[in-house]
Structure formats: C-alpha cells, structure tokens
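Listed below, chain by chain, are the residues.
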Amino acid sequence: LIYGFFLLQECSKKQKNDDTQNTSVNALTSNAEFAEKNEFHTLANAKILLSDCLACDSCMTSEEGVRVFQQNQKELFRILNLNKKCDTSKHKVLAVSICPQSLPYFAAKFSLSVNDAARRLCGFLKSLGVHYVFDTTIAADFSILESQREFVQRYQQRNQEEHALPMFASACPGWIRYAERVLTNLVTSHICTAKSPQQIMGSLVKGYFARQQNLSPDKIFHVIVAPCYDKKLEALREDFYTALYNSQEVDCVLTSGEIVQIMEQKNVSMKDVTEVAVDSLFGEIKEGDVVRHDGKTSDGYLEHIFKHAAKELFGMDVKEITYKALKNKDFQEVTLEKDGETLLRFAAAYGFRNIQNMVLKLKKGKFSYHFVEVLACPGGCLNGKGQAQTEDGKPDKALLNQMEEVYAAIPVRLPETNMHVQKMYQDWLEGMDSKKVQETLHTKYSAVNQTASNLDIKW
C-alpha cells in the first residue's frame, strides 16, 4: 500500500500468487525543503516497484504521500546536519529503534552473529551522530501481553458480544490499512485493539524515555528501522500523534535496505564498524544479548496468545505447538484438543492470497477460527519488502533462508518474564488495568470511507 498514490490509475493485483509485476514508477521529485546539499546529496530518489505495494488501492491522500516520501535517508541526514549547526535551540536528540526482524538481515548479509550485527549497527548509527539506539523487543512485549489479555476477555464474552470472536492480530500495518480501507466493518470490530510494537515504541520513546531524560517529546527525532515499507504509513496515523507537542511518536521509518544504502553511500562495511552496546530505556543500563519472541518469522502473537489462553481458559500447559499446513505453507492452523473436543482453533495467514481466502470464509459464515495472526508479507516479517530483496525486486531466497536460520537460533524470552515491563506497568502506566494502559497501549481500528471502485480490488 505504500506509495499507492504514485500510480496514475488504480492497481488491481489479479495474479494467483503474491508475485506481482515489477513495473516501477519514479517517486516524487524532492521539494525545496529537501534540496539542501549535504554529504548525502548524491542519493537517488527511490524507485518504487508495484511489488512493494502490498495493498495498493489508491488509498493515500496527496498529503499522506508527501509525508511518506519525506521518510527517507535524506530526512535523517537533514536532522544530522541540523545538529551540526551552532544554533543549539534547534538541535534534536536523535533516537533510532530497531525491529528484531531487521537484525537477522544485517547478520546474514554481512556474515555476522546476530549479537555482533546489533552492536555493529549501533556503532555505525552512532558514528553518524545518532544519540541513542534501542531494540523494539520491549515494545513487542507490551503488545503481546495486551493481546493475550484481550483475547481471553473476548473469548469469555463470545456469547454476549457478537464481534468478540474471531480476533485478528493488529501488529501488521499493511493488513490494518487493507482492513480499514477495503474490508471496513466486516473485520475492523474483530481486530485486536492492542497497538503494534512500532506504535508502542513511539509511546515509550516520546513518553517514558522523554520524561526520564527531562525532554519535551518534540525535541526527540525518533527513527524506526523496520523490514517493510508499510510501517512508514503506520507512523502517520492520527492516533500516533501528540497534539500537545505537535509531535509524531515516530518521525521517520527507514527499511533495513535503506540503512544498507547509507552504508554503501559512505563506503562502510559492517565488519569494519566498532561495536557499541545497544542502549536501553532505563538510564545507563545497556542491552545484553539479542532475544526474540516465540514465533517462526515474526513476533509470535499466535504462539504466545495460544499458550496463554490454553492456561487461563482451560488450565492446560502447552509446551510445544504443532502447526498444520493447509492450502500452502503460509496458511497454517493450530488446535487445542481435549477428550476429542476442539477447544481452541488458531490460524496464521500470511500474504494477501491467504488473507482474501480468510475474508471470503468470514463473509460466508464458515469461519471456525478463534484467533488469526495476519501478516501481509508471504513468509512473515522477515520477508518484508524492505529487506531480503534482489535488485530487481524479487525475493532473495538464499538470503531469506539464512535469515530464518539466524532468527530461529536467537533465544526466546517470554514477555511475562521481562521485569522492566512489569515495573513499567506499575510505575509508568499506573497498574495493568488502569485508564492509562488503555490510552497508551491500545487504539481503535475503524472503517474508512472509500469509493465504490476501490472496494472491488482483487489480489
């Protein structure tokens, strides 16, 4: 869906699989604000492939388009150059938060361990002038914990509340945009209200961290490094904005591939960069080794919610989950059974082919799942269009296989065991059931009016 506004006519993806045409269009030319010449002025404007557009339905306004276009390497360097000027009143504290699914890309691409990749990436960013580098895993901890609690509540209310079940995951911005703009009321009431890790990380950096550092949120320029382009559009959501300070909680999203472009532009190899420990949100404490959640190629909402629900609702401890592939490897289901009865039925649906099949079943009233982890990218977050792609826009399957191996080897940490998270619930959020938790960690997804023609898009 990113850059859908660049197309002169509506894009209908009619292929039977997720491999779309590779026609490219030129991004908008830089406006005067970004014409300032600096050490990074030779970067070419981005070429956008139609295959980068996960749900192109002409759903972006021209204003959104301009703001998305501003989220590029030049904007990062605009802030870095601003900080070099003498007028300190205009300086920004530059913070970069890295998604866990981006680290295997850097590790595989440069033949490093994931811990080395994290520290060298941190060293590279700080060599540019970045002040803080964070890991977004803690934000995913909050998102998963809130999703777990919400699923249990929805399950318990399933007989009283028509739209309680099924519950759809809310972490993927491509899926959310498609649901709000195309599927509308059919599914929006079924989407989990827990914010995505990116949205929560924005609150952590410009809320919790800003307060710890005695900084106004608008004095922080917050960059997210992510696997996909759709997160650029997610950063523009109205519920991701603090009106009091006229500040977005995420100011700029750069894909993993865009960071590598910066390295190439500056003729820097990750292997030559000094290692620097990743920062934490808690004072002088530094992050230790990289950890992940219990998912194959994503943050693992299905596995964590499934195990939590099995314990909370049925008193069953599930140690290992068995996936059953259905029509393809990107549509799999997991069931909890006891005495021949199916108690829970979950599914993972990755890629728009599977999403549309899922929605068709929902329309026909033949939907048997209690929860679905929905991701727009076939293969999950590791296969985001902002990384693991060849120069012609095709998936780099060899690199992706390496990334999957790297990701699988990262130790799993349950979000419940993160003591920082538990402490923040009490000290920052005023308890797990507080009004502040709802305001900070949850949002509402709702239908957005579209023209009739846009509702007929097929994939």
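Each value, and the rule that gives it
- Residues numbered from 1 in each chain as written.
- Predicted model: local features only at pLDDT ≥ 70, side-chain atom pairs only at ≥ 80, totals over all residues.
- Heavy atoms only, no water.
- Helix = DSSP H or I, 4+ residues; strand = E, 2+ residues; numbered from the N terminus.
- Buried < 20%, exposed > 50% of the residue type's maximum accessible area, 1.4 Å probe, protein only.
- Contact = heavy atoms within 4.5 Å.
- Areas by Shrake-Rupley, 256 points an atom, 1.4 Å probe, with all protein chains shown as cover.
- Axes fitted to C-alpha atoms, helices over the stretch in contact; angles between N-to-C directions.
- Parallel < 35°, antiparallel > 145°, perpendicular 65-115°, else oblique.
- Left-handed = near helix turned anticlockwise from the far one by under 90°.
- Nonpolar A, V, L, I, M, F, W, Y, C, P; charged D, E, K, R; others polar.
- Expected span 1.5 Å × (residues − 1).
- 1 Å grid on protein atoms, 1.4 Å probe; cavity = no way out; pocket = protein on both sides within 12 Å on 5 of 7 lines; lining within 4 Å.
- Points joined across faces, edges and corners; volume = space filled by probe spheres on them.
- Patch = residues over 30% accessible without salt bridge, like charges linked within 9 Å, V, L, I, M, F, W, Y side chains within 5 Å.
- Salt bridge = Lys/Arg side-chain N within 4 Å of Asp/Glu carboxyl O.
- Lys, Arg positive; Asp, Glu negative; His and termini not counted.
- Charge placed at Lys NZ, Arg CZ, Asp CG, Glu CD.
- Pairing = 2+ DSSP bridges.
- Polar contact = N/O pair within 3.5 Å; in protein donor to acceptor, adjacent residues only side chain to side chain.

## A few points about the overall build of the protein chain
Thought 1: Looking only at helices and strands, one finds 14 helices and 13 strands in the protein chain.
Thought 2: Counting over 459 residues, the protein chain shows a buried share of 58%.
Thought 3: Sequence-distant contacts in the protein chain: of pairs separated by 6 or more residues, those separated by 24 or more amount to 76%.
Thought 4: As displayed, the protein chain offers around 20,100 Å² of accessible surface, 47% of which is attributable to carbon and sulfur atoms.

## Details of the packing of helix 5 (residues 137-156) against helix 7 (residues 197-212)
Thought 1: Put simply, helix 5 and helix 7 touch, their axes get as near as 8 Å, and they point 115° apart. In terms of orientation, helix 5 lies roughly perpendicular with respect to helix 7. Classified by chirality, the crossing of helix 7 by helix 5 is right-handed. Across from Ile 138, Ala 139, Ala 140, Phe 142 and Ser 143 in helix 5, the residues of helix 7 making contact are Pro 197, Ile 200, Met 201 and Leu 204.
Thought 2: Of the residues contributing to the contact of helix 5 with helix 7, the split by class is eight nonpolar, one polar and no charged.

## Description of helix 10 (residues 301-314)
Thought 1: Helix length check: helix 10 (14 residues) gives 19 Å between terminal C-alpha atoms against 20 Å at 1.5 Å per residue, within 8%.
Thought 2: Tyr 301, Leu 302, Glu 303, His 304, Ile 305, Phe 306, His 308, Ala 309 and Ala 310 are the residues of helix 10 that are buried.
Thought 3: Looking at the buried residues of helix 10, the elements they touch are helix 5, strand 5 (167-168), helix 7, strand 11 (331-338), strand 12 (341-350) and strand 13 (371-375).
Thought 4: A positive phi of about 65° marks Gly 315, the residue just after helix 10.

## Let's talk about empty space enclosed by the protein
Thought 1: Going through the model one piece at a time under the given rule, you end up with three cavities of 30 Å³ or more.
Thought 2: The calculated volume of the largest cavity comes to roughly 290 Å³.
Thought 3: Lining the largest cavity are 27 residues, with Ala 171, Cys 172, Lys 231, Leu 375 and Cys 381 sitting closest to its centre.
Thought 4: The set of elements that each furnish at least two residues to the lining of the largest cavity consists of helix 6 (173-183), helix 7, helix 8 (230-234) and strand 13.
Thought 5: Among the elements that line the lining of the largest cavity, the one with the most residues is strand 13, at three residues.
Thought 6: Residues that form the lining of the largest cavity fall into these classes: 17 nonpolar, six polar and four charged.

## So, a positive patch on the surface
Thought 1: Side chains of Lys 327, Lys 361, Lys 364 and Lys 366 sit close together on the surface and give a patch of like positive charge.
Thought 2: With respect to the helices, strands and loops of the structure, Lys 364 is situated in the loop between helix 11 (352-363) and strand 13.

## What to know about helix 9 (residues 256-265)
Thought 1: Within helix 9, seven of the ten residues are buried, which leaves it mostly tucked inside the rest of the structure.
Thought 2: Restricting attention to buried positions, one finds in helix 9 the residues Ser 256, Gly 257, Glu 258, Ile 259, Val 260, Ile 262 and Met 263.
Thought 3: In the core, the buried residues of helix 9 are packed alongside helix 2 (73-84), helix 3 (103-109), helix 4 (114-128), strand 6 (220-226), helix 8 and strand 9 (252-255).
Thought 4: Asn 267 occupies a position one or two residues after helix 9 and carries a positive phi of about 55°.

## Some points on the sheet that holds strand 3 (residues 93-98)
Thought 1: The strand order 4-3-6-9 describes an open sheet built from four strands, whose pairing is parallel. Both outer strands of the open sheet, strand 4 (132-135) and strand 9, are each paired with one neighbouring strand and no more. Going from strand to strand, the sheet's axes swing by 25° on average, the running direction of each strand aside.
Thought 2: With six bridges connecting them, strand 3 and strand 6 associate as parallel partners. Bridge pairing links Ala 95 to His 222 in strand 6.
Thought 3: Across the sheet, helix 4 lies against strand 3 and strand 4, angled at about 150° from strand 4, the strand it touches most.

## Structural notes on the environment of Leu 204
Thought 1: Relative to the helices and strands, Leu 204 resides in helix 7.
Thought 2: Judged by its relative accessible area of 0%, Leu 204 is buried.

## Quick notes on unusual backbone geometry
Thought 1: In this structure, the amide linkage connecting Leu 165 to the following residue, Pro 166, adopts the cis form with an omega of 0°.
Thought 2: Tracing the sequence through the fold places Pro 166 in the loop between helix 5 and strand 5.
Thought 3: One non-glycine residue with positive phi stands out, namely Ser 111, at about 55°.
Thought 4: Residue placement: Ser 111 occurs in the loop between helix 3 and helix 4.

## What about the pairing of strand 6?
Thought 1: Across the seven residues that make up strand 6, a large majority, seven, are buried.
Thought 2: On strand 6, burial covers both faces: Ile 220, His 222, Ile 224 and Ala 226 on one face and Phe 221, Val 223 and Val 225 on the other are all buried.
Thought 3: Sheet analysis places strand 6 next to strand 9, joined by four bridges and oriented parallel. Counterpart to Val 223 in the pairing with strand 9 is Cys 252.

## Concerning the side chain of Glu 373
Thought 1: Note on placement: Glu 373 falls in strand 13.
Thought 2: Judged by relative accessible area, Glu 373 falls into the buried class, the value being 4%.
Thought 3: A distance of 2.9 Å separates a polar atom in the side chain of Glu 373 from the backbone nitrogen of Tyr 301.
Thought 4: Among residues more than four places away in sequence, those in contact with Glu 373 are Ala 169, Ser 298, Gly 300, Tyr 301, Leu 302, Ala 347, Ala 348, Ala 349 and Tyr 350.

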